[in-house]
Structure formats: C-alpha cells, structure tokens
Amino acid sequence: MAPKKFKWRRTNVKEFLCVVPAVVMVIVTTYYPLVDLVRISFTDWDMLKKDYQYVGLTNWVWFVKNASRNHFFADMKVTLIYTFFTLLISLVLGMLLALLMGRMTRPFGMMRAVIFMPRYVAMSTAGIIFVWMLNTDYGIVNNVLALLGAQRIPWLTQPVTAMISVLVLSAWHSVGYSMMIYLSAMTGIPKDYYEIASLDGASRRVQFFKITVPLLSPTTMFLLVTTFISSMKVYNSIDVLTQGGPYRSTEVIVYLIYRLAFVDYRVDRAAVVATVFFLILLAVTVLTMRWSENKVNYDT
C-alpha cells in the first residue's frame, strides 16, 4: 500500500508553530555551537589575537601525531577509570539503598531525604568542603585518624588517594539520585510477582535476582547512559579538588580541553580534542542503545 499523503490543516499549522521556538532554541544552543566547534578546529585561533586563518587539517595532523605526547590517551584512561567506578558505585549502591529505604514510613523518609540532600549542593561547593575535610594538616578526616592513633594520609597529594577522594565526592553527590530513581521504579513492580514467587518457595535472594533486577533493567539502562555521559564529562570536582594532579593522575579529558583552551591559549587544538571526544561519546551511546534493544526487558 502506498503511504498516505500528509495534508496540512489549520490544526497542524498551529501545532507546528508551537514546536518551532523549541526547535530554534535547540539549534541555537546545541547544533550551532557544535558546528562552530568543528569549524574552529580548522583554524589557527590561539586566543592571543583577534584574527585567525583557516589552516586545513594542520590541527588534526597535530592530534594524530602528538596524541600520546599531549596526554590524550593518558587522560582518556583516567576518564574511563573514573567513569567505571562511578557507574559501579552509583548503580550498585543506589539499588541497595533503594532496597533498604523502600519502607514508606516517616523515619525511612527522613533517611531518604538525608541521602538525597547532597544532590542539591553545587559540585563546586561540595568540592571546597572536601578540600577542607581532606587537608593533610588540619582536615577533619586526618584529625580523626590522629585521635585514633593512625597516621595522617595525604589524600590530595598522592595519585591513588587523590582518585579515591574524587570518587568519594562523586558518590556522595550522586548516589542519592540513583537511589530515588530505583525506588520509584521498584514501586511500579506488581506485588503479585513476589507473592507467587513466595508461594513457590523462592527466597528473597532469588526474588531479587529473578524478579527485581530484570524488571529494573530499563531503569538501570537509563541510569547507565545518563551516568556514563555525565561521568565522562566530569570537570567541576576535578577542578576544585585536585586541578588534575598530582602528576596528572586525575586529569580527565574535559580538564585537558580546558587546559589547552585557557592555559595554553590553543582554542584550535582544544576544538580538535573536544570534537574527537564528542564522537567517542556519541559512538558509545549509540552502541549502548542498540545493545539495550535486545537485552533490556520492558515488560512489567
């Protein structure tokens, strides 16, 4: 059968005109900056002069030949390590907290509010608080360790402890959000499934892995994609807490882009790195969504 031709009506025109402002806003705030970013990558703009010229693939050749020397691969490794542990903490701990806080009583409601409260704190503000808490000499964490007879730990001046500090800050800030998303999804699972499983003799552990986890797969996929993208784009916590140090052990890709643009004043090279990073994020997101079409269970 041939497809029916679409006929414009007055109602269709009104609906279209209502959508136009939103479409224009998306184009102006999203697609135009992206296109301009690619354009800048073909110039020699270094922010130290008003004029610039188009230099073709010069910056891209620089990236291909000097990616390892300019810390791209090292920073990508740091970004992936940070993202992996952030995903692990957010998904696993968020689901466990949702199970623990699932009772709809006032005390549990207060505890849920306490866990979710860090979400309202700006990451820059939280980073400043953590800088004070983790200070080697007068930080409250090391003061407590000293009272217990333990040795003071240089949290922000050693590569391993610096990464742990950044991960703790991210977990403290985001795990409440994951908990609330999982909790709202759990309330939508029919209780009949658990009653039938109990009559069949299934333990709580079996019910969790055979009922709860599969039916939460759409929620898990949503959190996986959103947390992955936000973790790969992390900047504020790194900038406030460690500034990419020590010895670039916590420098992520976004901080590398910042350093190229606003420290080295090479906006052209920063545009190249940002474009490559965008393509990587786009490819991973598309592959994840394609994979989820067959693996995620949307039945309830």
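For clarity, every value in this text was computed on a predicted model and none was experimentally measured. (Residues numbered from 1 in each chain as written. Predicted model: local features only at pLDDT ≥ 70, side-chain atom pairs only at ≥ 80, totals over all residues. Heavy atoms only, no water.)

Points about the pattern of salt bridges
Inference 1: One pass over the structure, following the stated rule, counts 5 salt bridges.
Inference 2: The closest approach of N and O atoms between R259 and D264, which form a salt bridge, is 3.7 Å.
Inference 3: The structure contains a network of salt bridges with shared partners spanning R248, E251, R259 and D264. (Salt bridge = Lys/Arg side-chain N within 4 Å of Asp/Glu carboxyl O.)

Considering the packing of helix α3 (residues 72-100) against helix α7 (residues 159-186)
Inference 1: At a minimum axis distance of 7 Å, the contact between α3 and α7 shows a crossing angle of 40 degrees. Our classification of the angle between α3 and α7 gives oblique. In the crossing of α3 with α7, the sense of the turn from one axis to the other is right-handed.
Inference 2: Here the residues of the contact of α3 with α7 sort into 19 nonpolar, 6 polar and no charged. (Axes fitted to C-alpha atoms, helices over the stretch in contact; angles between N-to-C directions. Helix = DSSP H or I, 4+ residues; strand = E, 2+ residues; numbered from the N terminus. Parallel < 35°, antiparallel > 145°, perpendicular 65-115°, else oblique. Left-handed = near helix turned anticlockwise from the far one by under 90°. Nonpolar A, V, L, I, M, F, W, Y, C, P; charged D, E, K, R; others polar.)

Here's the deal with α7
Inference 1: Its 28 residues place the ends of α7 39 Å apart at the C-alpha level, agreeing with the 40 Å of an ideal helix rising 1.5 Å per residue.
Inference 2: Roughly 40 degrees is the biggest bend found in α7, and it falls at S174. (Expected span 1.5 Å × (residues − 1). Bend = angle between axes of the 7 residues up to and from the residue.)

Description of the environment of I129
Inference 1: Secondary-structure assignment places I129 in helix α5 (residues 123-133).
Inference 2: Separated by 90 residues in the primary sequence, I129 and R39 place their C-alpha atoms 40 Å from one another.

Here's the deal with the packing of α3 against helix α10 (residues 217-232)
Inference 1: One way to put it is that α3 packs onto α10 with a least axis distance of 9 Å and a crossing angle of 145 degrees. Regarding α3 and α10, the two cross each other, and that crossing is right-handed. Here M76, T79, L80, Y82, T83, T86, L87, S90, L91 and M95 of α3 come into contact with α10, specifically with T220, L223, L224, T227, F228, S231 and M232.
Inference 2: Of the residues that constitute the contact of α3 with α10, the class distribution is 10 nonpolar, 7 polar and no charged. (Contact = heavy atoms within 4.5 Å.)

Here's the deal with the environment of I211
Inference 1: If you trace the backbone, I211 turns up in helix α9 (residues 204-215).
Inference 2: For I211, a relative accessible area of 13% corresponds to the buried category.
Inference 3: Residues I211 and A197, spaced 14 residues apart in sequence, show a C-alpha to C-alpha distance of 8.9 Å. (Buried < 20%, exposed > 50% of the residue type's maximum accessible area, 1.4 Å probe, protein only.)

This is a description of form; function is not addressed.
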